Structures are given as structure tokens and as C-alpha cells.
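Residue-level listing of the chains:
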Amino acid sequence: MLLAGLPRAAAAQTDEIQVYNAQIAEPGVFNLTLHDNFTPDGRKTPAFPGAIVSNGSLNGVPEWAYGVTPWFEAGLYLPLYSFPRDGGVQLDGFKLRALFVEPDAAKQTFFYGVNFEFSFNSKHWDPSPYTQEIRPIVGWRFGKMDLIVNPILDNSWKGFSRLDFAPETRIDYNFSDKWAIAAEEYDDFGELRHFDPASRQAHQLFAVVDYNGKPINVEGGVGFGLNSASDRLTLKLILSRDLN
């Protein structure tokens, strides 16, 4: 997903900036989550010829989810969209999701799950028309604090060694059952067969505030790039509510 010889200034963009905590919709419940992220100060080099440049772009997607069982949630991301700085709205594709978790994860001291996403991509979003995300979920609760790790593997169907390792980590402090603050780190080390040099890896640290209440759940955050290959400043907003 890189131009040959270019620095990792051009890691592919994302529509969703979120660490999964293994909590899902209850059986029979439809949920809608709106993901939006804006990069006021980002990379100015495209990830591949014709790709959207992250600097000044807004990316987002509505995520439609349905609780099938206490341990399985099905999801659809549609439509993925972008507003690049130098053009109008662009449609980026869509994704299917299958999320399997430990039931009642919010009540467990140790919780786990795994999420599978299957993406159908426009040419300006990803050079591969079909990609997949494999997202294990592992978490621990220590009183009011949570530690959650999503050691993600991105799959472009080119073999096991070509899986891309892009882990996400979150540490949060829960003031109450409604309010929390968190630090989240989003990394991309490159392919398993040979990690990228440090100068080409992507690393971002987010400061996040969560509100989990009525009528809508809100997660907002500000992300800062930790090296030159990452976007310097990214803003994210996630709005979620049950529809029935």
C-alpha cells in the first residue's frame, strides 16, 4: 500500500478510529454509529497514485449493527465517504462485519472477542479492491481503569507473511458509568514478514472523552502524530444510539 521508495508518509487512511471493547448490541437491537474524522494537519503525499491525500480531508461512515445473539453482532458500513480538501464528496466503498465476543463483556474483569471485516474498496481508497481486517480484542479491568488491546492484522489476500500489523491500545479511567477519559494509541508497523523501518511506521496518540448516556453516546478525541510518517493532527467524533 506504499509507493515504492516513498516514506510511510502515505499509509492508507481510515474511516474508523476506535478501539473495540467487546461490547455489542443486545439481541434484537439495531444500533447506528456515525464515525467521522478530520485531519487539519496531515500527510501531503498520497499513499498510492490517485489516492486521497489525508491533509485537510474528512472521512466517515455510518455503521449499522444488529445484535444477533449475546455473543454475535453483525454490521454493515455504508456508505464510506470522504471530503478531500481539493474536491467534492467521494464514495470509498463499503464493509461487512462479524463481531464475536464474550457475553456481558462490560461486567467482566477479563474480556475478549474477535472482529472480522470484509471491505470492498474504491480505487482512490485502497489499491486492493478487496481487503479484510482481523481484530482480536483483549481487555482487563482494574477498578475504574480499563486496559484494552486490539492487535489488528490487515489482510490484502497476498499471503500470511504479507499481513499488516496495526495494533490499537486504550487505557481509560471511568469517573462514572457515563463519563470516561482515555489515552489511545494507533500504530502500523508494516508487514509481518519484515516490519517497516521506524521512520516509515505510523504512530498516533489520542486524548479521548466518552459520554455513555441518553439519548446518544458520544466519543470525541484529538490525535497527535508521534513521528514524521504520521498525520500531525487528527480529530475524531463518534456518535452512537440504539434505534429500537
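The structure displayed is predicted, hence computed values, not measured ones.

Calculation criteria
- Note that residues are indexed from 1 along each chain, following the sequence as it is written.
- In view of the model being predicted, local features appear only for residues whose pLDDT reaches at least 70, and side-chain atom pairs are presented and counted only at 80 or more, with totals across whole chains, interfaces and linings using the full set of residues.
- Working from all heavy atoms in the structure, the side-chain values ignore hydrogens and water.
- Helix and strand labels come from DSSP, where a helix needs a run of H or I of at least four residues and a strand needs a run of E of at least two; each type is numbered from the N terminus.
- Exposure classes here rest on a 1.4 Å probe applied to the protein chains alone. A residue is buried below 20% of its type maximum, exposed above 50%, and partly exposed in between.
- Nitrogen and oxygen atoms within 3.5 Å of one another constitute a polar contact, given that in protein one can donate a hydrogen and the other can accept it, and given that sequence-neighbouring residues count only through two side-chain atoms.
- Contacts are assigned to residue pairs with any non-hydrogen atoms lying within 4.5 Å of each other.

S.K.: Pulling in residues and values, what's your account of the side chain of Arg-135?
M.R.: Considering the arrangement of structural elements, one finds Arg-135 in strand β6 (residues 130-142). Take Arg-135: its relative accessible area is 1%, and that puts it in the buried class. Of the polar contacts made by the side chain of Arg-135, one reaches the side chain of Glu-168; its length is 2.9 Å. Residues contacting Arg-135, with those up to four places away along its chain left out, are Glu-16, Gln-18, Val-19, Tyr-20, Gly-113, Val-114, Asn-115, Asn-150, Ile-152 and Glu-168.

S.K.: Would you mind going over unusual backbone geometry in detail, with residue names and values included?
M.R.: For the bond from Leu-78 to Pro-79, the omega torsion is -5°, close enough to zero to count as cis. Turning to its location among the elements, Pro-79 is positioned in strand β3 (residues 72-83). Following Lys-214, the chain continues into Pro-215 via a peptide bond in cis, with omega recorded as 0°. Position of Pro-215 relative to the elements: it lies in the loop between β13 (202-211) and β14 (217-225). Notably, Asp-104 is not glycine yet its phi reads approximately 55°, a positive angle. The topology assignment puts Asp-104 in the loop between β4 (90-101) and β5 (110-121).

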